[in-house]
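Residue-level structure breakdown
These are the residues of each chain, in order.
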Amino acid sequence: MQKKIAVASMVIALALVGACSTKAPGSWVVVDTGTGDSFYTANFVNDQVGWLNGTSGRNPEPEENDNANSNKKPKQLKPGQKPEDPLAANQGFEVLQTTDAGQTWKPIPDLFKNKIRSVWFVDANEGWALTIDRNILHTTNGGTEWVVQRNAGTVEIKLPFNRKEPVTKQPEQIEQLRFIDNKHGWAWGGGQKNEYAEQPGIFVMTVDGGQYWNEVPYPFDQNVSDIFFLDAKHAWASTFGAGFYRTNDGGLNWERVQTKLPEDVFRSIFFTDPSTGWVAGRSGRIARTTDGGKTWQKMWEIRDEFKMRDIFFIDKKRGWVVGEEGAILYTPNSGESWLDVRAPIPARLMDVSFVGGSGWAVGLSGAVLKFEQK
């Protein structure tokens, strides 16, 4: 047994040494947005133009929730009460925009008027927004003007322990919105079922840029932790009910993958092709699949102090993962070895992405990092 432990330790050491012999192709620097907002996603369309979806840092920070952007609401105002923070009128949600590669930031136009919760753009002009009321908006001029594409319906939410109001009506609980091009997009949310609440799930999709949204019967066992869309046909989803799903027809039909998973819940999913993918589990560990999710290989060389939350691969070889306490890892060889880059601030990083020659990592308490190539 001691010999096996020694061999395993040597393998880990060699993997880390191999990583250390490779230098990262650049460095991460802190970007100041002028706010203390907590950011959950960065949506850049080129090196200059991008948006950050977050919640106001001037309100009490929401409690931990693995589903970024989900139901993070500050305390509601009483009738007639004036908000101390202007963002309280928007339930704390804020979207910042830059057009100069992060040198300056400002809220998107008419953020409060349109009650915008989050946005997703496919280029500098065309994008979609999810409102506080869970409506879907569309813009073709960078957010200067918005039109409603889909009004949210009403659903009944069961609250077994609420004797006064065991059933309440609320807007459909759409929480996430994603597009991969100007035609194909998806929006989803809800689906939570436990002893305290039961809410209907919602999953809608479009193949014509949102002119028509098709509602698909909710295909998942529970509310969704993460969905990754590779292209117009292939996607994978993880739920808080320990379910892992995939679709080969753009989301019309989902198949639950019957396999032994490396984690019960995936915080982040990223595939580079229909076969090769990566996940960061609830524990923060990383695993890889080369058969579309049927079998998984844990990345044992990644030590316990790296609690990772999001994954992004630039191509099939070069990948980044970010996580707790400013953890940033880089691989130049599809995960055969990893380099501990470490952020310049010890922030909880929630999202990482690259477009063109630029990379962005964002997180709680105002954390925004930009990757600068050497």
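Here the structure is shown first, and the text comes after it.
The paragraphs below set out a description of the structure included in this document.

Criteria and thresholds
Residues numbered from 1 in each chain as written. Predicted model: local features only at pLDDT ≥ 70, side-chain atom pairs only at ≥ 80, totals over all residues. Heavy atoms only, no water. Pairing = 2+ DSSP bridges. Helix = DSSP H or I, 4+ residues; strand = E, 2+ residues; numbered from the N terminus. Axes fitted to C-alpha atoms, helices over the stretch in contact; angles between N-to-C directions. 1 Å grid on protein atoms, 1.4 Å probe; cavity = no way out; pocket = protein on both sides within 12 Å on 5 of 7 lines; lining within 4 Å. Points joined across faces, edges and corners; volume = space filled by probe spheres on them. Nonpolar A, V, L, I, M, F, W, Y, C, P; charged D, E, K, R; others polar. Salt bridge = Lys/Arg side-chain N within 4 Å of Asp/Glu carboxyl O. Buried < 20%, exposed > 50% of the residue type's maximum accessible area, 1.4 Å probe, protein only. Phe/Tyr/Trp six-rings, centres within 6.5 Å; stacked < 30°, edge-to-face > 60°. Lys NZ or Arg CZ within 6 Å of the ring centre and 35° of its normal. Polar contact = N/O pair within 3.5 Å; in protein donor to acceptor, adjacent residues only side chain to side chain. Contact = heavy atoms within 4.5 Å. Core = buried A, V, L, I, M, F, W, Y, C linked by side-chain atoms within 4.5 Å.

Read across the open sheet, the 4 strands follow the order β1-β30-β29-β28; overall the sheet is antiparallel. Taken across any chain shown, the strands that pair with only one partner, and hence form the sheet edges, are β1 (26–30) and β28 (349–355). Going from strand to strand, the sheet's axes swing by 20 degrees on average, the running direction of each strand aside. Examined bridge by bridge, β28 and strand β29 (residues 358–363) share 6 bridges and lie antiparallel to one another. Across the sheet, the residue bridging to L349 is G363, located in β29.

Moving on, we come to the layout of surface pockets. In this approach the atoms are scanned with a rolling probe the size of a water molecule, which exposes any empty space left behind. Approximately 1,100 Å³ is the volume found for the largest pocket. Along its surface, the largest pocket is lined by 46 residues, and W120, R178, F228, F312 and D351 are the ones closest to its centre. Looking at the lining of the largest pocket, the elements that each hand over two or more residues are β2 (38–44), β6 (116–121), β12 (176–179), β16 (224–229), β20 (266–271), β24 (308–313) and β28. Here the lining of the largest pocket is built from residues that sort into 27 nonpolar, 9 polar and 10 charged.

Attention shifts here to the pattern of salt bridges. Opposite charge on two side chains allows them to pair when their charged atoms are near. With the rule as written, the count across this model stands at 10 salt bridges. Where E215 meets R150, a salt bridge forms, and the shortest distance between an N and an O atom there is 4.0 Å. Placement of E215 in strand β15 (residues 214–216) and of R150 in strand β9 (residues 147–150) is noted, with a sequence separation of 65 residues between them. Residue R150 is classed as buried on the basis of its relative accessible area of 13%. Through salt bridges that share partners, R150, E172 and E215 make up one connected network.

The strand order across the open sheet formed by 4 strands is β20-β21-β22-β23, and the pairing between neighbours is antiparallel. The open sheet is flanked by β20 and β23 (297–298), the only strands paired with a single partner. Judged from the 5 bridges that link them, β20 and strand β21 (residues 277–281) form a sheet pairing that is antiparallel. Following the sheet pairing, F266 is matched in β21 by G281.

What follows is about the packing of aromatic side chains. Enumeration over the complete set of coordinates arrives at 32 aromatic pairs. Their ring planes at 40 degrees and their centres at 5.8 Å tell us that F161 and Y196 sit as a pair that is tilted. Linking F161 in the loop between β10 (154–158) and β11 (167–171) with Y196 in the loop between β13 (185–190) and β14 (201–206), this pair joins segments that are 35 residues apart in sequence. Plain terms: the ring middles of W186 and F229 are 3.9 Å apart, the flat faces sit at 10 degrees to each other, and that makes the pair stacked. Linking W186 in strand β13 with F229 in strand β16, this pair joins segments that are 43 residues apart in sequence. For F229, a relative accessible area of 9% gives the class buried. Seen from the ring of W120, R178 lies directly overhead, with NZ or CZ sitting 4.2 Å from the centre.

As a further point, take the side chain of R246. Residue placement: R246 occurs in strand β18 (residues 244–247). Only 3.4 Å separates the side chain of R246 from the backbone oxygen of G292, close enough to count as a polar contact. Look past the residues within four positions of R246 in its chain and what remains in contact with it is A235, W236, N253, W254, E255, V257, D291, G292 and K294.

Another point: the pairing of strand β17 (residues 235–239). Successive side chains on a regular strand alternate, one facing one side of the sheet and the next facing the other. A large share of β17 lies buried, amounting to 5 of its 5 residues. In this structure, β16 lies alongside β17, joined through 5 bridges in antiparallel fashion. Counted as the bridge partner of V224 is T239 from β17. Here β16 folds back onto β17 in antiparallel fashion, the turn holding 5 residues. Here β17 hands over to β18 after 4 residues, with A242 in that stretch at a positive phi of 65 degrees.

So, about the environment of A24. For A24, the location among the structural elements is in the loop between α1 (2–20) and β1. Through-space distance from the C-alpha of A24 to that of D340 is 9.1 Å; in sequence the pair is 316 residues apart. Apart from residues lying up to four places away in sequence, A24 is in contact with W320, Y330, L339, V341 and K374.

This part takes up the nonpolar core. W28 and W320 are the most contacted members of the largest nonpolar core, which totals 41 residues. In terms of nonpolar packing, the next biggest core, distinct from the first, is built from 14 residues, F203, M205, V216 and W254 among them.

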